[in-house]
Amino acid sequence: MQIKDFRIDLKSSIPYHVQVEKYLRELIRIKEYASGESFLPKEESLAKRFGISRNTVRQAIDKLVQEGLVERKRGVGSKVVSQNISTRLDQWISFTKEMKDKGIEVVEYSVKVGFELPNEGTSKALNISLDTEVCCMQRVRGAKDAKYLYSISFFHPRIGLTGKEDFYQPLYEMLEREFHIVVATSKERLKAVAASSAIAKSLNIKKGDPVLKRERIVLDQGEKPVEYNLVYYATDFFSYDIDLKREF
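Residues numbered from 1 in each chain as written. Predicted model: local features only at pLDDT ≥ 70, side-chain atom pairs only at ≥ 80, totals over all residues. Heavy atoms only, no water.

Undergrad: Help me out: how do you make sense of the packing of helix α3 (residues 43–50) against helix α4 (residues 54–66) in this one?
TA: Packed helices, taken two at a time, are described by the angle between their axes plus the distance between the axes. Their axes nearest at 8 Å, the elements α3 and α4 cross at an angle of 120°. Our classification of the angle between α3 and α4 gives oblique. Helix-helix and strand crossings are classified by hand; for α3 and α4 the assignment is right-handed. Along its contact with α3, which presents Glu43, Glu44, Leu46 and Ala47, the element α4 presents Arg54, Val57, Arg58 and Ile61. A per-class count over the contact of α3 with α4 returns four nonpolar, no polar and four charged. (Axes fitted to C-alpha atoms, helices over the stretch in contact; angles between N-to-C directions. Helix = DSSP H or I, 4+ residues; strand = E, 2+ residues; numbered from the N terminus. Parallel < 35°, antiparallel > 145°, perpendicular 65-115°, else oblique. Left-handed = near helix turned anticlockwise from the far one by under 90°. Contact = heavy atoms within 4.5 Å. Nonpolar A, V, L, I, M, F, W, Y, C, P; charged D, E, K, R; others polar.)

Undergrad: Sorry, what's going on with the pattern of salt bridges here?
TA: Side-chain pairs of opposite charge can arise whenever the charged atoms involved come near each other. Tallied over the entire structure, the rule returns 14 salt bridges. Between Glu105 and Lys144 there is a salt bridge whose closest N-O contact spans 3.5 Å. Of this pair, Glu105 sits in the loop between α5 (95–101) and β4 (107–116) while Lys144 sits in the loop between β5 (134–143) and β6 (146–155), and the two are 39 residues apart along the sequence. For Glu105, a relative accessible area of 52% corresponds to the exposed category. The salt bridge involving Glu178 is made with Arg177; its shortest N-O contact spans 3.9 Å. Judged by relative accessible area, Arg177 falls into the partly exposed class, the value being 47%. (Salt bridge = Lys/Arg side-chain N within 4 Å of Asp/Glu carboxyl O. Buried < 20%, exposed > 50% of the residue type's maximum accessible area, 1.4 Å probe, protein only.)

Purely geometric numbers; function is a separate question.
Structure (C-alpha cells):
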C-alpha cells in the first residue's frame, strides 16, 4: 500500500474504520512517527482528507491504542508508543532467550565467519600474540521489523573453531556441547559512539547516528578468555536497565 496515495474505497465491503486502521499501521512504521517524537496527523485532518466522519477515524486509532501501539494525549494528539527494548545488566542470558521472553522472534539477518589476525585490542583481550589468527564472526540480528544490533566476536584459538560450525544456533550452548567450553563470566564496558559507515550500513541507519557500544570479554570457569565481543545497538530500539543497591 502506498501511504501517500491511500484513499478510502467507498465501494469496498471493508468497513471504513478498518481501512483507516490499515493505513495507520503502515504510517506508524515510518521513521518520523515510529520514534514517537512526532504526533500522528490529527483526527479532524484525517477525516477531511478521507471524506469520512471523525468518529470513524477515532475508532481506528482506538484499536491501536488498545493494542499499546499508540498513546493519546488529551488536547495534544496521538503518537506511537516507544517500542524501545530494554535489557538488564544484573543478569546474563542469551540475546535469543531474552527476546523470546519478551515475545519477540529473533531474526538473523546475516552471519559471516572467517579467520584474521587480531589488532592490539583483540590481542590484549584474548591474551594472544598479534601473529596468531583468530576465528571472527560478524552478525546482524533483530526482529522482523528492524535490525537491532551488529556484533563482532573474536574467539580464542584454543577452542578449536573451524569456521564451519552452525553459528545460527545459540552460541554458548554450541561451545559447551561441541567443545566442552563453559562460559562463566562476562566483563563488560558500555559507551555511546557515533556509527561508522560499516555499522550504519549494517543497521540501516545514518553514518554518525548514535549507537550503544558494548565491549565484553567472556571467560570460562577457569577465568581464561573465550570470546572478545563488540556489539553495536541501534538506540532507537535498545536500552539498558541497571539496578543498583546501596550497601550499608
